[in-house]
Amino acid sequence: NNFDTKKLGKINRLTGHWQNIDEFIKNKNFIQKSILKIENFKEMQEIKTNDDGMTAIHIRRGDYVDLGLNLSLNYYKNAIDMAKNTIENFKFEVFSDDIQWAKSQIIFNKCIKFNEYSNSEDSNLEDFKKLFNFKNYIISNSTFSLIPALLNSDKNGKIFYPDPWIKNKKIINKPRDNWIMINDE
């Protein structure tokens, strides 16, 4: 760990890979309180979940396709199959930066709602906020879905996550018992 808090000033710019699950879990309450201070989140007095069977599926493509970091269709197929077998009254919404691609894939044809976010700050914040309404998640290898899944999941929800997290790199260890690893072939 090369982070030195003594070097922090009034204004700081931090760059790097910010997906240390242990730190998220350790600071869960602080992060939740901080998120609720963001203007778009202020009307949420607390983070609540919708019905038990509803599941958020996050698909990140965009820059990940160009970088070769996008998850395989098999990952989503296997995660959906596992979710159908382990979540009572399973149904799902899809969140993606490439909704047209998602709509063209047969495995998402039972989707209740497609949520497309754009590169605008308002769109991203609104969809990020919507992700906090779920108890179950099929997440992509992105903090966009990782953070809501970590902060909002409880022992009764199910979180399906890819392994490896980034191609050829096992970055994430199983954080809790209700997290289910799905191989990204």
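Since the model is a prediction, treat every value here as computed from it, not as a measurement. (Residues numbered from 1 in each chain as written. Predicted model: local features only at pLDDT ≥ 70, side-chain atom pairs only at ≥ 80, totals over all residues. Heavy atoms only, no water.)

Participant: What is the right way to look at the side chain of Thr55 in this model?
Facilitator: Mapping Thr55 onto the fold places it in strand E1 (residues 54-59). If we ignore the near neighbours within four places in the chain, the residues touching Thr55 are Ile87, Phe90, Lys91, Phe92, Glu93, Phe134, Asn136, Tyr137 and Ile138. (Helix = DSSP H or I, 4+ residues; strand = E, 2+ residues; numbered from the N terminus. Contact = heavy atoms within 4.5 Å.)

Participant: It is not clear to me how the confidence of the model for the protein should be interpreted in this structure. Could you clarify?
Facilitator: Keep in mind that low pLDDT regions are not for reading the predicted coordinates in detail. Averaged over every residue, the pLDDT of the protein is 83; the share at 70 or more is 78%. Here helix H1 (residues 21-26) stands out as the least confident element of the protein, with mean pLDDT 75; helix H4 (residues 73-86) is the most confident, with 97. (pLDDT = per-residue confidence, 0-100.)

Participant: I tried to follow the pattern of salt bridges on my own but got confused; where do I start?
Facilitator: For side chains bearing opposite charge, pairing can occur when the charged atoms are close. Tallied over the full model, the rule gives five salt bridges. One salt bridge in this structure joins Lys135 and Asp52, with 3.1 Å as the shortest N-O distance. Pair noted here: Lys135 is in the loop between helix H6 (121-131) and strand E4 (136-138) and Asp52 is in the loop between helix H2 (28-35) and E1, with a separation of 83 residues, a long-range link. Between Lys77 and Asp81 there is a salt bridge, with its nearest N and O atoms 2.9 Å apart. With a gap of four residues between them, Lys77 and Asp81 both fall in helix H4, about one helical turn apart. Since its relative accessible area comes to 36%, Lys77 is described here as partly exposed. Judged by its relative accessible area of 30%, Asp81 falls in the partly exposed class. (Salt bridge = Lys/Arg side-chain N within 4 Å of Asp/Glu carboxyl O. Buried < 20%, exposed > 50% of the residue type's maximum accessible area, 1.4 Å probe, protein only.)

Participant: Just to check I follow, could you spell out the nonpolar core for this structure?
Facilitator: One broad trend across soluble globular proteins is that nonpolar side chains are buried collectively. Residues Ile35, Ile139, Leu146 and Trp179 are the most contacted members of the largest nonpolar core, which totals 27 residues. Mapped by element, the contributors of at least two residues to this core are H1, H2, E1, H6, helix H7 (143-152) and strand E5 (159-163). A total of six residues in this core trace back to one element, the largest contributor, which is H7. Formed by 22 residues, the second largest nonpolar core is a distinct cluster that contains Ile57, Ile59, Phe90 and Phe92. (Core = buried A, V, L, I, M, F, W, Y, C linked by side-chain atoms within 4.5 Å.)

Participant: Mind showing me how you'd approach H4 here?
Facilitator: Turn by turn, an α-helix covers 3.6 residues, leaving residues three or four places apart pointing in a common direction. Look at H4: 20 Å from first C-alpha to last across 14 residues, which is about the 20 Å you get at 1.5 Å a residue. For H4, the full list of buried residues reads Tyr75, Tyr76, Ala79, Ile80 and Ala83. Angular distribution of buried residues about the axis of H4 spans 125 degrees; they occupy a single face of the element. Those residues of H4 that are exposed and angled more than 90 degrees off the buried face are Lys84 and Asn85. Buried-residue contacts for H4 involve E1, E4, E5 and strand E6 (179-183). (Expected span 1.5 Å × (residues − 1). Arc of directions from axis to C-beta.)

Participant: When you look at the pairing of strand E2 (residues 91-96) in this model, what are you seeing that I'm missing?
Facilitator: Along any regular strand, the residues point their side chains to alternate faces of the sheet. Across the six residues of E2, five count as buried, placing the element largely inside the fold. Taken together, the six bridges between E1 and E2 define a ladder with parallel strand orientation. Bridging across to E2, Ile57 finds its partner in Val94. In the sheet, E2 pairs with strand E3 (residues 113-116) via four bridges, with the strands oriented parallel. Paired with Ser96 across the strands is Glu116, a residue of E3. (Pairing = 2+ DSSP bridges.)

Participant: How do you make sense of the sheet that holds E2 when you look at a structure like this?
Facilitator: Strand pairing in a sheet is mediated by backbone hydrogen bonds. Such pairs are either parallel or antiparallel. Pairing in this open sheet of six strands is parallel, and the strands run E3-E2-E1-E4-E5-E6 from one edge to the other. At either margin of the open sheet sits one strand with a lone partner, and together these are E3 and E6. Taken pair by pair, the neighbouring strands of this sheet meet at an average axis angle of 25 degrees, ignoring direction. (Axes fitted to C-alpha atoms, helices over the stretch in contact; angles between N-to-C directions.)

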